[in-house]
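# Results of the structural survey
Here is what each chain is made of, one letter per residue.
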Amino acid sequence: MKNYILLCLTIIIVFSFDSYSQQSKVNSADKKYDHYAYIDAIKTYERVAEKGYKSEDMFKKLGNSYYFNSEFEGAAKWYGELFAMNTNVESEYYYRYAQSLKSTGQIDKANKILDEFDSKFKNDSRGKLYAGNLNYLDQIKENSGRYTIENAGINSKYSDYGTFVHNNKVYFASARDTGNFSQRKHKWTNEYFTNIYMADVDSVKVSKIKNALNTKFHESSPVFTKDGKTIYFTRNNYLTGKKGKDVNKTTLIKIYKATLENGKWANVTPLSFDSDNYSTAHPALSPDEKTLYFASDMPGTLGQSDIFKVAINSNGDFGTPENLGNSINTEGKETFPYVTNEDEIYFASDGHPGLGGLDVFVGEIAKDGTIRNIQNLGNDVNSPKDDFAYVIDPVSRKGYFSSNKDGGQGSDDIYKFLETKRLRCIQELSGLITDAETGAILPGAKVTLFNNQMETVATTIADATGSYSFPVECGKTYNVRAEKTDYTTREVSITIEKTTGKTTLSIALEKSTCKVTVGDDLGKCFGIKMIYFDLDKYNIRPEAALDLEKILATLNDYPTMKIDIRSHTDSRATFKYNEVLSNNRAKSTISWLIKNGIAPNRLTGRGYGETELVNKCADGVPCTEEEHQQNRRSEFIITAL
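Residues numbered from 1 in each chain as written. Predicted model: local features only at pLDDT ≥ 70, side-chain atom pairs only at ≥ 80, totals over all residues. Heavy atoms only, no water.

Let's shift gears to the overall build of the protein. Broken down by element type, the protein carries 12 helices and 35 strands. When each of the 641 residues of the protein is scored for burial, the buried share is 50%. Sequence-distant contacts, at least 24 apart, represent 54% of the contacts inside the protein between residues at least 6 apart. Surface accessibility of the protein: about 31,000 Å² in total, with carbon and sulfur atoms responsible for 50%. (Helix = DSSP H or I, 4+ residues; strand = E, 2+ residues; numbered from the N terminus. Buried < 20%, exposed > 50% of the residue type's maximum accessible area, 1.4 Å probe, protein only. Contact = heavy atoms within 4.5 Å. Areas by Shrake-Rupley, 256 points an atom, 1.4 Å probe, with all protein chains shown as cover.)

Summed over all chains, the structure comprises 2 disulfides. Shown here is the disulfide that connects C425 with C474, its sulfur atoms set 1.8 Å apart. Its torsion about the S-S bond being -60 degrees, the disulfide of C425 and C474 is classed as left-handed. Placement of the pair is C425 in the loop between β24 (413-419) and β25 (426-435) and C474 in the loop between β28 (467-473) and β29 (477-483), with a sequence separation of 49 residues. (Disulfide = S-S within 2.5 Å.)

With that out of the way, let us pick up the packing of helix α5 (residues 91-103) against helix α6 (residues 107-120). In contact at an axis separation of 8 Å, α5 and α6 are set at 160 degrees when each is read in the N-to-C sense. As judged from the angle between their axes, α5 and α6 are roughly antiparallel. Crossing of α5 over α6 shows left-handed handedness. Contacts between α5 and α6 involve S91, Y94, Y95, Y97, A98, L101 and K102 from the first element and I107, K109, A110, I113, L114, E116, F117 and K120 from the second. Classifying every residue of the contact of α5 with α6 gives 10 nonpolar, 1 polar and 4 charged. (Axes fitted to C-alpha atoms, helices over the stretch in contact; angles between N-to-C directions. Parallel < 35°, antiparallel > 145°, perpendicular 65-115°, else oblique. Left-handed = near helix turned anticlockwise from the far one by under 90°. Nonpolar A, V, L, I, M, F, W, Y, C, P; charged D, E, K, R; others polar.)

For the rest of this paragraph, the subject is the sheet that holds strand β35 (residues 633-640). Strands sit in the order β34-β33-β35 across an open sheet of 3 strands; the sheet is mixed. Here the strands that pair on one side only, and so sit at the sheet edges, are β34 (603-607) and β35. Each adjacent strand pair in this sheet contributes to an overall mean axis angle of 20 degrees, direction not counted. One ladder, built from 7 bridges, connects strand β33 (residues 562-568) with β35; its direction is antiparallel. Within β35, the position partnered with H568 by the bridge is R633. (Pairing = 2+ DSSP bridges.)

Bringing the environment of D30 into the picture now. Tracing the sequence through the fold places D30 in helix α1 (residues 2-34). Take D30: its relative accessible area is 14%, and that puts it in the buried class. Along the sequence, D30 and K61 sit 31 residues apart, while their C-alpha atoms lie 8.2 Å from each other. Excluding residues that lie within four positions of it along the chain, D30 makes contacts with Y45, D57 and K61.

Right under this line is the structure:
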């Protein structure tokens, strides 16, 4: 019995000592992890794990250490161990695990995790994007097969990424060892710090920029102004030999600006909105060079990093950065923006549905600055790994992107491409504007193109031959309005075929035959439809806004004209309710016209409720919806000229 007790005590002591020893090693690895020394942390964590030590916190950090280095096989392994212990973890681990699984080809398992992610974390936009695009792999496949891609020929066995083309030279960041004995390695990746390099386009001869731009820390993402006199680039928070640090004593990254003086880069300064306490990176200029786009985790960021824009004032100062919003930014990472003169923004994201890691996406920049119609570029550019830093010449359709996809030379490589087929199918919509009675062409007619939300897309004037044309997107529906003095304005709706080519739409205008006088209804006089409203509502419907544009044009043509707006309802609901509803509709119509420039003293109006029905549909009389619709109307009676 004594020997048995002694044996048990020995086992307990040995086990306790071993546990203490393992915990001590974990604590050591935690310190490395906290200082972003992920490569060293991985080595220690894995030695402990191999001895059977298990910890949710350790598995999280092990998975993260691999994930932050885009080594998704290792990340998937250790996140898998985490989920084997506990699935009640933070949302980020669900998403990272799913991304890691996708990157290792385990699509079905990844989608299962994403289903759980969406179910548990209803407010996360990434889950909503996934749930709203369950066929995202089919969409990616449909967008594929549009590129010829090859290695750019300027890569090394280290990380090479982030290109910009200027004056027939390609500039990029590289962690290659150029023989500098004092060059140091970054503990995050165990590679040398990156500097900015350049090469002639279509050349494999690479040289390092030897001037004030490069330091002993990271530099990347250069972008030049068109005149070549100003450069914006990313660098660690380091200037004139001093490192800036945040409250946690960590050196983050900033966007810097330099100017060319006597053939040398000088005046290296951080931008006014930079801070020691958050990162700004990967600048991109708008085509007119009045706006700078960039990635940041500054206050107001929705996720890990968002894309922002900031105005560049005429004196070179900057405005206040604006977040591009949740139409593009997610709780994940959006980064590496690039903007073209076709109102397109390319960017990398791990928050929008993709193949794993970062994928490259493109969105349309609307006139109000919002981003819409975001699409994955397809599996030519994108892979299960990280794909990012996409730039393209809109004319030649040639460009570059960076990736750590399989088959590369280093941890990141630069690829060059030719886009052989546009993602956006563009057609030409054209036609003639003519006189409906004589067939004569009408040069000088104003032609306006509206999208299906009744937003103005473009405006043109018919040329000497009466012709007009617009570039339009395949498969979309548009409204085309033609107007000319002494003619009745006319709009036509058209849906563009889903193939490239040309669509013809000619519009014949009728002469205005009536003369407006006090007491006339503009709607009847100029063939303007009644302004209709949805049942029980008083908001301006899109088609109503289009008709109100005609009223607006007429009031602008007759600057002394005054009108009385009379709103009517059908007989459904109570008499009092209809009176209030029609009054609100009249006010809504008046407000729209005032908002668009008409002086308030030219407008009067009120609601008549159901007191002036235009047909038999009084209370208790059975009528169709179309018959009731006729009574829901607005009239525009001229009260003064």
